[in-house]
Structures are given as C-alpha cells and as structure tokens.
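This is what each chain is made of:
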Amino acid sequence: GRVTINNEENIIVTMNDFNEALQYDVKPMFGNVNDDISKIVNKCKLSLWSDELSGMYNEAINLASKLKNNSSLVMNITGDPKIGKTIFAANVATKSNYTCVRRIAPEHLIGMLDTQKCQKIIQVFDQISHAESGIIILDQFDRLVELSEVDLRYNNAVLQTLVTLMTQPVYNRTTVLITSDTSGAIDLLRLNKYCDYVFELPNSLTDTGIDKIVNDLDDNGELKNNRSELSGITDVSELFKKIKTLG
C-alpha cells in the first residue's frame with residue numbers, strides 16, 4: 001500500500017524491509033524465467049501424445065542441454081497452426097537448465113513503431129548475451145515479421161534485426177527456439193539455412209493419441225465424461241478446439 005511520510009527523521013529501515021523488497025519488488029534481469037513463459041507452462045499442460053512427439057521433445061532438450069560454451073543453437077519448431085508449438089517450446093526452454101529464459105511474441109510489440117520493435121528485440125537478446133546461458137523463444141515467427149503470404153510482404157527491419165541477432169557470435173551458451181507455421185515465413189523467406197534443427201510437430205491423431213491427451217489434460221473429469229464427443233477427430237488442432245468447448 002501507499003506509505004505516508006510525516007517525519008523523515010523518524011524513518012527506520014530494517015533488514016525485514018530489504019527482505020520484503022527482494023521478495024516482492026526486485027526482479028532480477030538475469031537468472032530467471034520470464035513471467036509469461038511461467039504462465040504458459042503452468043496454465044497449459046503439455047501432452048506428449050505420441051512416441052514421435054515425445055522423441056522430438058527429448059531430443060530438443062538434449063540438444064539444448066548439451067550445447068557447449070561459446071556456442072549457439074537455432075531450432076525451428078514448426079507445424080500446423082494451434083497444435084501446441086508455443087507450449088512445446090516453453091517446456092523445452094524451462095527443462096533445459098539455462099540461467100536466463102526469454103520470449104519475444106507479437107503481443108509484446110503491439111503499438112510500437114518499427115524502430116521501437118527492433119530496439120525491444122535487441123534489448124532481449126542483450127539480456128540473453130549477458131547471462132551465463134540463455135534461451136530465447138521467437139514465438140509465432142510469421143506474425144513477428146508480419147508476413148503476408150498473399151503477396152509475400154513482411155517487415156524487413158524486424159526480419160533483418162532477428163536474423164542478425166540469431167547469427168551473431170556468442171560468448172556463452174545461447175539457444176534460439178523459433179515457433180513457426182508449416183510453409184510459413186521460415187520456408188517462404190528461405191530462412192531454413194539459419195536453423196540447425198527443424199522439428200515438425202505431428203498433427204494427425206489416432207484414438208490412442210486422443211486417449212493420451214484426455215488423460216494428460218483432464219483435471220476435473222469433464223473430458224472423460226464427454227470422451228464420445230472426441231471420437232473420430234483426426235487433427236490435433238481440431239481436438240484442442242473441441243476440448244476448449246468442453247472445459
């Protein structure tokens with residue numbers, strides 16, 4: 001709450017005041033996970049509903065965890081829209097034991113001029129570069145660069161800033177996780193040459209996959225009670241859309 005100071009000479013600062021400031025007010029620039037990444041991991045459960053998806057997840061964590069010092073790694077997590085790419089990337093980032101985890105998403109750049117967008121991106125990469133090890137998620141890359149697939153228009157200033165920062169020399173361990181739509185900006189703008197690994201998340205479902213997702217995501221029994229309504233769905237994106245109406 002607001003503190004009213006009537007007599008500054010009588011103010012006494014104790015160790016308890018410092019401890020409360022550290023707990024509630026001071027947020028370290030390095031050595032922590034972004035609040036929005038924590039919210040994604042805590043709010044949205046990751047379901048590794050197939051052996052293929054589980055293998056990709058474990059491989060991505062293994063690659064990031066074993067990256068040597070003074071090295072960088074770029075992984076493109078791609079697939080159809082709304083199949084859980086952001087949740088996948090957020091979990092990989094938090095499970096890879098890096099000291100600094102950051103995320104740049106389109107919603108972070110709303111209302112900014114191009115110069116401000118570039119400055120924001122540079123600022124986040126700078127935070128990563130000063131940490132002992134850092135992971136940065138470039139979420140929804142197609143929207144970040146404002147790609148229009150109709151006429152292949154995009155924001156060149158933002159794109160060049162991202163490419164430059166992704167490919168610059170590093171003096172720590174830096175991993176970049178890109179999430180993008182299949183046949184989106186990474187493919188259309190021929191940026192795959194900057195990606196060391198590409199993980200194309202599966203979208204085709206079987207009944208076994210549906211059962212696994214239901215078991216993983218069903219907190220209150222609602223999904224199991226309505227399991228029959230999920231039968232016959234063959235796409236992960238359609239299943240998640242249906243689950244939202246049942247939750």
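Residues numbered from 1 in each chain as written. Predicted model: local features only at pLDDT ≥ 70, side-chain atom pairs only at ≥ 80, totals over all residues. Heavy atoms only, no water.

(A) Structural context of helix α7 (residues 156-167). Look at α7: 16 Å from first C-alpha to last across 12 residues, which is about the 16 Å you get at 1.5 Å a residue. Among all positions of α7, only Val 158, Leu 159, Thr 161, Leu 162, Val 163, Leu 165 and Met 166 are buried. The N-capping residue of α7, defined by a side-chain oxygen 3.2 Å from the backbone nitrogen of Ala 157, is Asn 155. (Helix = DSSP H or I, 4+ residues; strand = E, 2+ residues; numbered from the N terminus. Expected span 1.5 Å × (residues − 1). Buried < 20%, exposed > 50% of the residue type's maximum accessible area, 1.4 Å probe, protein only. Polar contact = N/O pair within 3.5 Å; in protein donor to acceptor, adjacent residues only side chain to side chain.)

(B) Local environment of the layout of surface pockets. Of the volumes computed, that of the largest pocket is approximately 1300 Å³. Taken together, 40 residues make up the lining of the largest pocket; nearest its centre are Cys 44, Gly 84, Ile 87, Phe 240 and Lys 244. Residue assignment for the lining of the largest pocket shows that the elements contributing at least two residues are α2 (35-43), α4 (85-95), α6 (141-144), β4 (173-181), α10 (222-225) and α11 (236-246). Broken down by element, the residue count for the lining of the largest pocket peaks at 6 residues, all from α11. (1 Å grid on protein atoms, 1.4 Å probe; cavity = no way out; pocket = protein on both sides within 12 Å on 5 of 7 lines; lining within 4 Å. Points joined across faces, edges and corners; volume = space filled by probe spheres on them.)

(C) Representation of the pattern of salt bridges in the model. Under the definition given, this model contains 10 salt bridges. Across the salt bridge formed by Asp 181 and Lys 85, the nearest N and O atoms sit 3.3 Å from each other. Within this pair, whereas Asp 181 is found in strand β4, its partner Lys 85 is found in helix α4, the two being separated by 96 residues in sequence. Here Lys 117 ties to Glu 146 by a salt bridge, and the two come within 2.6 Å at their closest N and O atoms. In this pair, Lys 117 is assigned in helix α5 (residues 114-129) and Glu 146 in the loop between α6 and α7, connecting sequence segments 29 residues apart. (Salt bridge = Lys/Arg side-chain N within 4 Å of Asp/Glu carboxyl O.)

(D) Inspection of the sheet that holds strand β3 (residues 133-138) at higher detail. Within the open sheet, the 5 strands sit side by side as β2-β3-β4-β1-β5. Their pairing is parallel. Across the chains shown, the open sheet's two edge strands, defined by having one partner strand only, are β2 (100-104) and β5 (197-200). The mean inter-strand angle of the sheet, taken between neighbouring strand axes irrespective of direction, is 15 degrees. In terms of strand pairing, strand β1 (residues 71-79) meets β5 through 4 bridges, oriented parallel. Bridge pairing links Thr 78 to Glu 200 in β5. In the packing of helix α3 (residues 51-65) onto the sheet, contacts are made with β1, β4 and β5, and the angle to β5 comes to roughly 160 degrees. (Pairing = 2+ DSSP bridges. Axes fitted to C-alpha atoms, helices over the stretch in contact; angles between N-to-C directions. Contact = heavy atoms within 4.5 Å.)

(E) Layout of the packing of helix α9 (residues 207-217) against α11. Taken N-terminus to C-terminus, the directions of α9 and α11 make an angle of 40 degrees; their axes are 12 Å apart at the nearest point. When the axis of α9 is compared with that of α11, the two are oblique. Considering the relative orientation of α9 and α11, their crossing is right-handed. Residues Ile 210, Ile 213 and Leu 217 of α9 form the contact with α11, whose own contacting residues are Leu 239, Phe 240 and Ile 243. When its residues are assigned to classes, the contact of α9 with α11 shows 6 nonpolar, no polar and no charged. (Parallel < 35°, antiparallel > 145°, perpendicular 65-115°, else oblique. Left-handed = near helix turned anticlockwise from the far one by under 90°. Nonpolar A, V, L, I, M, F, W, Y, C, P; charged D, E, K, R; others polar.)

(F) Structural detail: the packing of aromatic side chains. Tallying each qualifying case throughout the model produces 1 aromatic pair. Pairing Tyr 57 with Phe 88 gives two aromatic rings, centres 5.7 Å apart and planes at 75 degrees, and the pair type is edge-to-face. Here the residue Tyr 57 occupies a position in helix α3, and Phe 88 occupies one in helix α4, the gap between them amounting to 31 residues. With relative accessibility at 9%, the residue Tyr 57 sits in the buried group. (Phe/Tyr/Trp six-rings, centres within 6.5 Å; stacked < 30°, edge-to-face > 60°.)

(G) How the structure looks around the environment of Val 101. Tracing the backbone through its elements, the reader meets Val 101 in strand β2. Exposure remark for Val 101: the relative accessible area of 1% places this residue in the buried category. Along the chain, Val 101 and Asn 34 lie 67 residues apart, while their C-alpha atoms are 6.3 Å from each other.

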